[in-house]
Amino acid sequence: MPGLKVENADLEHIVQTSDEWISTRTGISSRRIAVAETMLDLALAASRAALGMPAAPDDSVSIESSGEAFVDIDPASIDLLVLTTISPDVIVPCNAAALKKLLGLDNAIAFDMNAACTGFVYGATVADAMMAASHLKGGSVPARNVIRRALVVSAERLTHVTDWQDRNTCVLFGDGAGAAVFEWKDDAPGIISSFLKNDDDDTNALTCKQSYTSAFPFDESGVIYDAEAKAAHDAAHPDASDVSYDYINALGLSCDPAAARIDALFDIENKSAQGGPDQVIYMNGQKVFKFAAKAMEAAVRKVVEDGGITIDQVKLIVPHQANLRILEFAAKRLGVTLDSFQVSIAETGNCSSACVPMALTDALVSGRLEPGDYAVLVAFGGGLTSGAILLQV
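Quick summary incoming for the structure in this document. (Residues numbered from 1 in each chain as written. Predicted model: local features only at pLDDT ≥ 70, side-chain atom pairs only at ≥ 80, totals over all residues. Heavy atoms only, no water.)

Attention shifts here to the sheet that holds strand S13 (residues 374–381). Strand order in the open sheet formed by 4 strands is S7-S14-S13-S12, with mixed pairing between adjacent strands. In this open sheet, the two strands that pair with only one neighbour each are strand S7 (191–198) and strand S12 (314–319). Put simply, the sheet's adjacent strands are angled 10° from each other on average, direction ignored. Note that S13 and strand S14 (residues 385–392) share 8 bridges and pair antiparallel. Opposite Tyr 374, over in S14, you have Gln 392 as the bridge partner. In the packing of helix H4 (residues 119–134) onto the sheet, contacts are made with S7, S13 and S14, and the angle to S7 comes to roughly 125°. Across the sheet, helix H11 (residues 355–365) touches S12 and S13, and the angle it forms with S12 is around 140°. (Pairing = 2+ DSSP bridges. Helix = DSSP H or I, 4+ residues; strand = E, 2+ residues; numbered from the N terminus. Axes fitted to C-alpha atoms, helices over the stretch in contact; angles between N-to-C directions. Contact = heavy atoms within 4.5 Å.)

It is worth spelling out the packing of aromatic side chains at this point. Using the criterion set out here, one finds 3 aromatic pairs in the structure. A ring pair is formed by Phe 120 and Phe 182, whose centres lie 6.4 Å apart and whose planes are at 40°; its orientation type is tilted. Of this pair, Phe 120 sits in helix H4 while Phe 182 sits in strand S6 (residues 175–183), placing them 62 residues apart in sequence. Residue classification places Phe 182 among the buried positions, given a relative accessible area of 14%. Seen from their ring centres, Phe 289 and Phe 329 are 5.9 Å apart, and the 35° between their planes marks the pair as tilted. Of this pair, Phe 289 sits in helix H9 (residues 285–306) while Phe 329 sits in helix H10 (residues 324–334); the two residues are 40 residues apart in sequence, bridging distant segments of the chain. Classification of Phe 289 as partly exposed rests on a relative accessible area of 28%. (Phe/Tyr/Trp six-rings, centres within 6.5 Å; stacked < 30°, edge-to-face > 60°. Buried < 20%, exposed > 50% of the residue type's maximum accessible area, 1.4 Å probe, protein only.)

Moving on, we come to the sheet that holds strand S3 (residues 80–84). Taken together, the 4 strands give an open sheet; going across it, the order is S4-S3-S5-S6, and neighbouring strands pair in mixed fashion. Edge positions in the sheet fall to strand S4 (109–113) and S6, since each has one partner strand and no second. Mean inter-strand twist for the sheet, computed between neighbouring axes without regard to direction, equals 15°. Packed on one face of the sheet, H4 meets S3, S4, strand S5 (149–157) and S6 and runs near 165° to S5. Lying on the sheet, H11 is in contact with S5 and S6; it crosses S6 at an angle near 75°.

Read these as layout, nothing more, since geometry by itself doesn't imply function.
This is how it looks when you write it as structure tokens:
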């Protein structure tokens, strides 16, 4: 987790709120915020812990680990790396490829995945399916990469796409990362069943716009230009290798002519006109709450049923940490107590896809899960995505 810990009371200095208001509505007491840390810094620290590698000292960032690997794993044995995030450091290169290089995973294939807050569940399910497919044998089965070990990492810097003047959302989010290694074994159960689902977000209850900043010198009729201004610019900058943006900026071009259509499609208010940020998370809390509790119940029941066990046999449910009230409501619908859930939200806030692996780490480190126990990992997120995994530790 990032080094900076921000208490609820600290937020009173920037938005109209209070510790009592936040804690009673969300169950959150504090969150970690990445200031100097990048998303890859967080992903790297979580991955190293999962692999049993020593922490890499770096004077520029401060990252705390809440867990460590139960065994040391040879980086060369990792065949697949899946990185889930909705807050990547870059669009290109693939963030997973950058993480692969930093970790020295010479033999791994790597890719990014975005399934919002359900990212880790989706990533683990995809990794499991790719491992299973790679071990299929038969005359008509095509040759493919054999995957024996997969590293699934979820890392987020949500606080950098947060509107810090919206008290309904800014109090919820934190930054963090979690990771797990999945290994193919013919004689071990591991992931017993999984379930993924996408419901349509008809009301655009959860969105975050991609903002473009490069001037775009085209419209539907062709190139936008000013011949006189271009000639004057070229005269002032005779060396074409010396890049200057004076001319193109002087045209007053829109960075994204399709921005209005994107806003309309996703019902996004363009707050930049009001002096606010454009690329931030918008969330209708009531809509998300109603979807979340039902989706979590349905996903848990489905994987338990498909796994051939009963809910009473599940030692622990490890959920997405969005809001304590959601967890309480889901527990009630499932007919279990909140003690059946791993609740880690108080000190982390909502870290999107990183929540489930971070909470799973807490459960393992605290001894709430032991070998042979059944656990359900369950999450929901934008899209609207939801899903669950039944596994035997």
